[in-house]
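The residues making up each chain are set out below.
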Amino acid sequence: MICEMCGKDVTFCKKVTIEGVHLEVCSECAKFGKEQQKPKEPADAAPKPVIVQRLEVREKRSKPRDVLEKVEMDDVVDDYPARIRNARSKAGMSQKDLAMKINEKLTVLSKVEVGQMRPDDRMVAKLEKELGIKLREKVVETQVAKGMGTSALTLADLIKMQKD
Ligand SMILES: [Zn+2]
């Protein structure tokens, strides 16, 4: 074996750390370094293949970017005109009655009831309360976070990258 320090050909090399560098050196040069500690793992715990380790590191790194952002919001249901009309007639109210109860103009309510106008949040809240119905639903939009394109790497991708 060749000593990595002095280049001497010796039969036995010691593994040492000199200034933080791992070297296999002859017993003479070994005096300059610290002997490396034996690995703590039992011998049968074979180290993971490098590629697997790299994938794991990559996965950890990409986690924060990887997450799909879920944006939750209230949205007025599409069939709000029918829901309002049905609830109102069940309650035995005319458009005028309801308009007065929720303190909106009759013209506004009639537009809303035929779907010509989307009620604003304030009006939706009043209609829901007055008629005892739900006009909103939770809509969860899934947005892909930035950088997503690079995080879904397969093993094949990584091998390809390493060849580059
Ligand atoms: Zn040496």
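Within each chain, residue numbers correspond to sequence positions counted from 1 in written order. The predicted origin of the model limits local features to residues at a pLDDT of at least 70 and limits the giving and counting of side-chain atom pairs to 80 or more, whereas totals for whole chains, interfaces and linings rest on all residues. The basis for every side-chain value is the complete set of heavy atoms in the structure, and neither hydrogens nor water enter the calculation.

## Here's the deal with the sheet that holds strand E3 (residues 34–35)
With antiparallel pairing, the three strands of this open sheet are ordered in space as E2-E1-E3. Pairing within the sheet leaves two strands with one partner each, and these edge strands are strand E2 (21–25) and E3. Here two bridges tie strand E1 (residues 14–18) to E3, and the two strands are oriented antiparallel to one another. Paired with Thr17 across the strands is Lys34, a residue of E3. Whether two strands pair depends on DSSP finding at least two bridges between them. Secondary structure follows DSSP: runs of H or I at least 4 residues long count as helices, runs of E at least 2 residues long count as strands, and numbering of each begins at the N terminus.

## A word on helix H5 (residues 106–113)
The rule is simple: take the accessible area with a 1.4 Å probe, protein chains only, and divide by the maximum for that residue type; under 20% is buried, over 50% is exposed, in between is partly exposed. Among all positions in H5, only Val108, Leu109, Val112 and Glu113 are buried. End-on view of H5: buried residues confined to an arc of 130 degrees, all on one side of the axis. In the core, the buried residues of H5 are packed alongside helix H3 (80–90), helix H4 (95–101) and helix H6 (121–131). Looking at the residues trailing H5, positive phi occurs at Gly115, about 80 degrees. Note: the arc covers the axis-to-C-beta directions of the helix. Residue contacts are counted whenever heavy atoms from the two residues lie within 4.5 Å of one another.

## Examining the coordination of the zinc ion
Only nitrogen, oxygen and sulfur atoms within 2.8 Å of the metal, or 3.2 Å for Na, K and Ca, are treated as donors, and water is left out, so sites may look incomplete. Those protein atoms acting as donors to the zinc ion are Cys3 (SG), Cys6 (SG), Cys26 (SG) and Cys29 (SG), and they sit at 2.2 to 2.4 Å. Bound by four donor atoms, the zinc ion shows angles of 101 to 118 degrees at the metal and therefore tetrahedral coordination geometry. Here the donor residues for the zinc ion map to a single chain with the spacing C-x2-C-x19-C-x2-C. One end of the pair, Cys3, is in the segment before E1; the other, Cys26, is in the loop between E2 and helix H1 (27–30), with 23 residues separating them in the sequence. With respect to burial, Cys3 and Cys26 carry one shared label: buried. In this scheme the shape depends on donor count and angles: four donors with every angle between 85 and 135 degrees give tetrahedral, four or six donors with opposite pairs above 155 degrees and others between 65 and 115 give square planar or octahedral in turn, and any other case is irregular.

## A few points about the nonpolar core
What makes a nonpolar core is a set of buried Ala, Val, Leu, Ile, Met, Phe, Trp, Tyr and Cys residues whose side-chain atoms join them at distances within 4.5 Å. Ile84, Leu98, Leu109, Leu127 and Leu131 are the most contacted members of the largest nonpolar core, which has 18 residues in total. For this core, the secondary-structure elements that each account for two or more residues are H3, H4, H5 and H6. At four residues, the largest contribution of residues to this core is made by H6. Leave out the neighbours within four places in its chain, and Ile84 touches Leu98, Leu109, Val112, Glu113, Leu127, Leu131, Ile133 and Leu135. By size, the runner-up hydrophobic cluster in this structure holds 10 residues, among which are Ile18, Leu23, Cys26 and Cys29.

## A short note on the environment of Gln116
Along the chain, Gln116 falls in the loop between H5 and H6. You can call Gln116 exposed: its relative accessible area is 61%. Sequence spacing of Gln116 and Pro81 is 35 residues, and the spatial spacing of their C-alpha atoms is 8.9 Å.

## Some points on the environment of Leu23
With respect to the secondary-structure elements, Leu23 resides in strand E2. In sequence terms Leu23 and Met5 are 18 residues apart; their C-alpha atoms lie 7.5 Å from each other. Those residues in contact with Leu23 that lie beyond four places of it in its chain are Glu4, Met5, Lys14, Lys15, Val16, Ile18 and Gln36.

## Describing the pairing of E2
Looking along a regular strand, one sees side chains alternate from face to face of the sheet. The pairing of E1 with E2 spans five bridges and is classified as antiparallel. Following the sheet pairing, Ile18 is matched in E2 by Val21. If you look at the hairpin formed by E1 and E2, you'll find two residues sitting between the two strands, and Glu19 has a positive phi there, around 50 degrees.

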